[in-house]
Amino acid sequence: MDDGVPPKAEWQVDPGSVNFEDPLLECVYMLASMMQRPISVEALKAGLPHSDAHFTPDLAVRAAERAGLTARTVRRATIEDIQPVTLPCIVLLKQGGACILLNYTKSGKANIAIPEGRGQKEITVAELQEQYTGYAIFARTEYKFDSRASDIQLKKPKAWFWGTLIKFWPIYSHVMLASILINMFAIASPLFVMNVYDRVVPNGASATLAVLAIGVTTVFLFEFIMKNLRTYLVDVAGKNADVIIASRLLEQLMAMKLSNKPPSTGAMANNLREFESLRDFFTSGTLVALIDLPFIFLFIWIISVVAAPQVAVIPLIVVPLVILVGVVLQIPLRKVIEKTHKESSQKHALLVETIDGLETIKTTAAEGRIQRSWERFVGLTADSAGKAKLLSGISTTFAQLAIQMTTVVVVIVGVFLIIEKEMTMGALVASSMLSGRALAPLGTIAGMLTRLQQSRVALKSLDNIMSSEVERSEDKTYLHRPRLSGEIELKKVTFNYPNQEIKALDNVSLKIKPGERVGILGRIGSGKSTIARLTLGLYDPIEGSVLADGTDIRQIDPADLRRNIGYVSQDNYLFFGSVKENISFGAPHVDDQTILRAASLAGVTDFLKTHPHGFDLQVGERGMSLSGGQRQAVVIARSLLLDPPILLMDEPTSGMDNSSEAAFKQRLSKAVVGKTLVLVTHRSSLLTLVDRLVIVDSGRIVADGPKAEVLEALKQGQIRASAG
């Protein structure tokens, strides 16, 4: 480079105008628009388990469902194998690429829509075939009935659980077929013994013995294969159902409205943990035992055939007796299990709270109080668990006693029948073996009564979560608003938090224009942070409405709304991982340059530039490895990452020192040019960033106007509120 030629400046690219999305996701977005189902990219991917890796075809199908499309991935070896009537469709290309095939002609030309420019292009079919992987995603629109159509539906309680298991009915049908064969094979051993006693031994027929031995060995071999196959099938069905149900549980949890969130995080975590007992009950030996239950009567019938009807009556009487005792014990057992579940939830809630607040417990010397509460709940839980084990043990031991007594009575009755020449010795041995085999499922099921009740309680608690109202309802159509200008308005908003009688906001009206910089001041608990939460759509107002660009935010997809708002809360919550992962937490697909820009604006680079790990520095759980100011800087960087048009900051510098705050103000003042800034603060030093002040007191706006006028009124005592 010549000395007289100035160096070229680096390109300054606005992150908000850069498309970081995967080509396949972009194709789904374009396909939805072509099929008159417009939806934003943010709404398509919200809540899906995507990462910085490629968007998979399975995720693309799930994303299409959100746009009201029914989609599936299909194998088509060549472009010509795709029927024209099925177009447009998404074709998967090599190296993770994708495009939309609009049409193709017999002359070898194809029209495609490319995600990179969201435009159309004509290429040859041969060129497209060269990049084509042989897989395409076809979609069609789902018809939506209007309000004139009858909406009468049969209620399907717990369909999220039973419906998933029913999907695997083909596998479970094979399990039932294997069970039928296994139970039929179980007859071989008693019949073998009976023939040995009645025919081989009296006649010394060693040749017959060899034939019988070969036959029964063959049956045992097939039984071995069938048992392993049945175990494998149950495991496959259970594993797949486990993944689907567990995914739906977490998806429901994250989609749940905050107003429906249980008051205790620990109790909710315990309820979700109960899914383990529910899964084990329906995907283990329990299911096999239940399938074997009807075969009891098959074995009893065989006893009546090979021995005598008098002998078959004995296990036939025992079966209802054991079932009756089990049913009677279910009544007290259900109450004990419910009590145990409640106590376990309380214990788990205390444990989570203790771990979370360990530092406070130590600094306030409250270890004794927590230990006392813990021991009390542990004792109650142990007592209830002991009662449950006792009741379950009674059922199990009674079933075992009944089986043992059945064998004794069968032998006694059989001896008398042998004396009277009505039954052979071999038939007695066979009937004794068959009676034990017939009643074996009863003993297994009796031992699972506790797990049965635990699963019932777990299903009930999980169903409460699955039936909670969610933010994004499946039957609701949202307005397509991918980019907002920054106007915010609250119209006569009244709101109080769940289980709280005092109103957090009372008939509040506030309008903020695009690009306006507004500061919100007020006493603790005056409703400042509530305004921020309602603006984000985290809660719905009881009365009134919150508008963004003149549209009620309840008509905007929550993903679109929050994509347009950079939010800094008071909590400064960080997740386990590196600083880089926390900055890009909601947008893992962004490049390093975008992360560095946000980090520089927030002041993250100030403390990372001297650290050997840099952006790979681990923050620990909740960011406890960082100082309060450092955590705050990372949260601010996260809010600035995608350069949103609205910045909503709640006490953004509460953990910073004066020099850090001054540097932050200088950087932020340049970054907020042309953006809407809502600053909730107690610190008068931050008011240089705003032009307008809103004073909130007891859930009402008591002052609103230019900053200088409001501050002067505060100084003169004309406004009864704290200015910080």
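These lines cover the structure that appears in this document, whether it is placed above or below. Not measured: the values here are computed from a predicted model. (Residues numbered from 1 in each chain as written. Predicted model: local features only at pLDDT ≥ 70, side-chain atom pairs only at ≥ 80, totals over all residues. Heavy atoms only, no water.)

## With respect to the packing of helix H7 (residues 188-203) against helix H16 (residues 425-446)
Cut-off, in case you're wondering: Note on geometry: axes are C-alpha line fits, over the in-contact stretch for helices, and angles between N-to-C directions span 0 to 180 degrees. Only runs of H or I of at least four residues qualify as helices and only runs of E of at least two qualify as strands under DSSP, and these elements are numbered from the N terminus. Note on angle classes: values under 35 degrees are labelled roughly parallel, values over 145 roughly antiparallel, values of 65 to 115 roughly perpendicular, and the remainder oblique. Two helices crossing with the near one rotated counterclockwise from the far one by less than a right angle form a left-handed crossing, whereas a clockwise rotation gives a right-handed crossing. Pairs of residues are marked as contacts when any of their non-hydrogen atoms sit within 4.5 Å. Residues are sorted three ways: Asp, Glu, Lys and Arg are charged, Ala, Val, Leu, Ile, Met, Phe, Trp, Tyr, Cys and Pro are nonpolar, and all the rest, Gly among them, are polar.
Two numbers describe how H7 lies on H16: the axes approach to 7 Å, and their chain directions differ by 165°. The angle between the axes of H7 and H16 places the two elements in the roughly antiparallel class. In this structure, H7 meets H16 at a crossing whose hand is right-handed. In this structure, H7 uses Ser189, Pro190, Val193, Met194, Tyr197 and Asp198 to contact H16, whose residues at the interface are Met425, Gly426, Ala427, Val429, Ala430, Met433 and Leu434. Looking at side-chain class alone, the contact of H7 with H16 contains 10 nonpolar, two polar and one charged residues.

## Topic: the sheet that holds strand E10 (residues 543-548)
What counts, and what does not: Any two strands are treated as partners once DSSP identifies two or more bridges connecting them.
Taken together, the four strands give an open sheet; going across it, the order is E8-E7-E10-E11, and neighbouring strands pair in antiparallel fashion. Each edge of the open sheet is held by one strand with a lone partner, namely strand E8 (505-512) and strand E11 (551-552). Of the strand pairs in this sheet, strand E7 (residues 488-495) and E10 are connected by five bridges, and their pairing is antiparallel. Following the sheet pairing, Thr494 is matched in E10 by Glu543.

## Some words on the pattern of salt bridges
Counted only if it meets this: Any Lys or Arg side-chain nitrogen located within 4 Å of an Asp or Glu carboxyl oxygen qualifies as a salt bridge. Residue exposure (1.4 Å probe, protein chains only): buried if accessible area is under 20% of the type maximum, exposed if over 50%, otherwise partly exposed.
Within the structure shown, the criterion is met by 24 salt bridges. Across the pair Arg622 and Asp356 runs a salt bridge, and its minimum N-O distance is 2.6 Å. Taken together, the positions of Arg622 in the loop between helix H22 (604-608) and helix H23 (628-640) and Asp356 in helix H13 (residues 309-356) put the pair 266 residues apart, joining distant regions of the chain. A relative accessible area of 32% means that Arg622 is categorised as partly exposed. Judged by relative accessible area, Asp356 falls into the partly exposed class, the value being 49%. A single salt-bridge network, built from bridges that share partners, covers Arg62, Arg66 and Glu251.

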